[in-house]
Amino acid sequence: VVRTQSEKTHLEVTVMKTHSSVMIARAALVALVAPSVLAATNATCGTCGTANNCTGCEHPDSGSCGNACCRLDWTVVGPGGWTQVAATLNATLALGGPDGAFTPSMLAEGVPGCADLSSFGHSVIICQFHHTTAGPMHYNDSIALTIAPGAAGGAAVRLFSYSLIGGAYGDSGQNRKNLDMVVQAYTAGIGSDHVESSVVNADESCP
């Protein structure tokens, strides 16, 4: 496609405005987080299949997505609604999460961690993080979330974890463990006494 200089300038301005809108939305999310939420504990055992004998590794997957993966649906009813869920997760996981091994990914919207797509006409916040296991291999998994308004002012969250190394037919329960730590990051950040939530399998992965 050949564009005129005027078209190129218009496109560049549009991209700049879009990036600015996303940055403003992200700043609004972070502003919702109480200062106490920003203190990550980093104390949880977060790697399955090692001598650490971590709990929560009882749901291994066997190649459900070609490679090992896990997909869950998480319903949250609690203070602040769906934007608070996103803000809390973005803040706590950016600091490492429960086991200190989470890092935010750079998104197509030009921001790390989570992006609010409301300015594009979608009532959804999309997030991506990576988790690195402990031990000699340091496997990397990709964790993706979509967070949308739920019933009773809560949030409807789709969680997905995928083993990035090829040939991971089995995962020793790591992908489900990754997603359970995402839920833990929220409940620890907001205060578990104030959270009503439920997690169910979204498909046949990580049974």
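See the structure above.
Residues numbered from 1 in each chain as written. Predicted model: local features only at pLDDT ≥ 70, side-chain atom pairs only at ≥ 80, totals over all residues. Heavy atoms only, no water.

What follows deals with the pattern of salt bridges. Counting across every chain of the model gives 3 salt bridges. Note that Arg158 is salt-bridged to Asp73, the shortest N-O span being 2.4 Å. Of this pair, Arg158 sits in strand S6 (residues 155-163) while Asp73 sits in strand S1 (residues 69-77), placing them 85 residues apart in sequence. A residue is classified by how much of its surface remains accessible, and Asp73, at 24% relative accessible area, is partly exposed. (Salt bridge = Lys/Arg side-chain N within 4 Å of Asp/Glu carboxyl O. Helix = DSSP H or I, 4+ residues; strand = E, 2+ residues; numbered from the N terminus. Buried < 20%, exposed > 50% of the residue type's maximum accessible area, 1.4 Å probe, protein only.)

On to helix H2 (residues 81-94). With 14 residues, H2 should reach 20 Å at 1.5 Å per residue; the first-to-last C-alpha distance of 20 Å fits that figure. Where burial is concerned, most of H2 is hidden: 12 out of the 14 residues are buried. Along H2, the positions that sit buried rather than exposed are Gly81, Trp82, Gln84, Val85, Ala86, Ala87, Thr88, Leu89, Asn90, Ala91, Thr92 and Leu93. Just downstream of H2 lies Gly96, where phi reads positive at about 115°. (Expected span 1.5 Å × (residues − 1).)

Here we come to the packing of aromatic side chains. Going through the model one piece at a time under the given rule, you end up with 2 aromatic pairs. With a centroid separation of 6.3 Å and an interplanar angle of 20°, the aromatic rings of Phe160 and Tyr162 are classed as stacked. Exposure remark for Phe160: the relative accessible area of 26% places this residue in the partly exposed category. Judged by relative accessible area, which is 27%, Tyr162 ranks as partly exposed. (Phe/Tyr/Trp six-rings, centres within 6.5 Å; stacked < 30°, edge-to-face > 60°.)

On to the environment of His138. Its place among the elements puts His138 in the loop between strand S4 (125-132) and strand S5 (140-149). Note: C-alpha distance between His138 and Thr47 (91 residues apart in sequence) is 9.5 Å. When residues no more than four places from it in sequence are discounted, the contact partners of His138 are Thr132 and Thr133. Looking at His138, its side chain comes within polar contact range of the main-chain oxygen of Thr133, at 3.0 Å. (Contact = heavy atoms within 4.5 Å. Polar contact = N/O pair within 3.5 Å; in protein donor to acceptor, adjacent residues only side chain to side chain.)

Going through the model one piece at a time under the given rule, you end up with 5 disulfides. A disulfide bridge connects Cys48 with Cys57, and the sulfur atoms are separated by 2.1 Å. Linking Cys48 and Cys57, the disulfide has an S-S dihedral of approximately -85° and is accordingly described as left-handed. Each member of the pair, Cys48 as well as Cys57, is classed as buried. Two residues share a disulfide in this structure: Cys70 and Cys206, whose sulfurs sit 2.0 Å from each other. (Disulfide = S-S within 2.5 Å.)

The calculated volume of the largest pocket comes to roughly 310 Å³. Lining the largest pocket we find 18 residues, and of these Cys48, Thr133, Tyr139, Asp171 and Ser172 sit closest to its centre. Within the lining of the largest pocket, the residues separate by chemical class into 7 nonpolar, 9 polar and 2 charged. (1 Å grid on protein atoms, 1.4 Å probe; cavity = no way out; pocket = protein on both sides within 12 Å on 5 of 7 lines; lining within 4 Å. Points joined across faces, edges and corners; volume = space filled by probe spheres on them. Nonpolar A, V, L, I, M, F, W, Y, C, P; charged D, E, K, R; others polar.)

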